[in-house]
Amino acid sequence: MLSYLSQRYGEVIAVVGMNPAKKYAVSPQQRAEFIQQMIDAEDDIKDNVRVEVVQGYIWRFAFREGVSIMFRGIRSWAKDGDEERYLHSLNTWGPM
């Protein structure tokens, strides 16, 4: 996904969301490090992709960064679809 996006956009930010109320088997910082290692191993994407760990609403981070379009990776629509629809609303209009 990052390779595809990096070829089509001038800058790509890979965001690892973090909820301080959750316990993670792999910490958000570790996930960011894994993504960075993958990026470093790919010659075609390391120049225009950066990784950020973000706490709070992703739309607020995107707004501060001047982001004009967002893409999300999800595991499966059957498992995550309802939550993704809700997050889409939050990321589009903010908290209701």
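Conventions we followed
- Residues numbered from 1 in each chain as written.
- Predicted model: local features only at pLDDT ≥ 70, side-chain atom pairs only at ≥ 80, totals over all residues.
- Heavy atoms only, no water.
- Helix = DSSP H or I, 4+ residues; strand = E, 2+ residues; numbered from the N terminus.
- Buried < 20%, exposed > 50% of the residue type's maximum accessible area, 1.4 Å probe, protein only.
- 1 Å grid on protein atoms, 1.4 Å probe; cavity = no way out; pocket = protein on both sides within 12 Å on 5 of 7 lines; lining within 4 Å.
- Points joined across faces, edges and corners; volume = space filled by probe spheres on them.
- Nonpolar A, V, L, I, M, F, W, Y, C, P; charged D, E, K, R; others polar.
- Expected span 1.5 Å × (residues − 1).
- Arc of directions from axis to C-beta.
- pLDDT = per-residue confidence, 0-100.
- Polar contact = N/O pair within 3.5 Å; in protein donor to acceptor, adjacent residues only side chain to side chain.
- Contact = heavy atoms within 4.5 Å.
- Core = buried A, V, L, I, M, F, W, Y, C linked by side-chain atoms within 4.5 Å.

As a further point, take the environment of E83. Mapped onto the fold, E83 is located in helix α4 (residues 77-93). E83 sits in the partly exposed class, given a relative accessible area of 49%. A sequence separation of 17 residues divides E83 from G66, and the C-alpha atoms of the two residues are 25 Å apart.

Gaps between atoms show up when a probe of the same size as a water molecule is rolled over them. Taken as a whole, the largest pocket holds about 1700 Å³ of empty space. V15, V16, G17, I58 and R72 are, among the 42 residues lining the largest pocket, the residues nearest its centre. Among the elements of the structure, α1 (2-8), β1 (12-18), α2 (28-41), α3 (58-65) and α4 are those that each provide at least two residues to the lining of the largest pocket. No other element matches β1, which puts seven residues into the lining of the largest pocket. Among the residues forming the lining of the largest pocket, the class breakdown is 25 nonpolar, eight polar and nine charged.

A few words on α2. In this model, α2 (14 residues) spans 20 Å end to end at C-alpha, consistent with the 20 Å of a helix rising 1.5 Å per residue. Where α2 is concerned, the buried positions are P28, A32 and I39. Mapping the buried residues of α2 onto a view down its axis gives an arc of 40°, with all of them on the same face. Relative to its buried face, α2 has exposed residues pointing more than 90 degrees away, namely F34, Q37 and A41.

Regions with low pLDDT carry predicted coordinates that are not meant to be interpreted in detail. With 94% of its residues at a pLDDT of 70 or more, the protein shows a mean pLDDT of 87. Confidence scores differ between elements of the protein, with α4 showing the lowest mean pLDDT of 77 and strand β2 (residues 49-55) the highest of 96.

With that settled, the discussion passes to the side chain of N48. Counting through the fold element by element, N48 comes out in the loop between α2 and β2. Given the relative accessible area of 16%, N48 is considered buried. Side-chain polar atoms of N48 contact the backbone oxygen of Y9, separated by 2.9 Å. What N48 contacts, discounting residues up to four positions off in sequence, is S6, Y9, G10, E11 and V12.

Listed in full, the ten residues of the largest apolar core are L2, L5, V12, A14, V16, A32, I39, I45, V49 and V51. Of all the secondary-structure elements, those providing two or more residues to this core are α1, β1, α2 and β2. Per-element accounting of this core gives the leading share, three residues, to β1. Contact partners of V12, with chain neighbours within four places excluded, come to L2, L5, S6, N48, V49 and R50.

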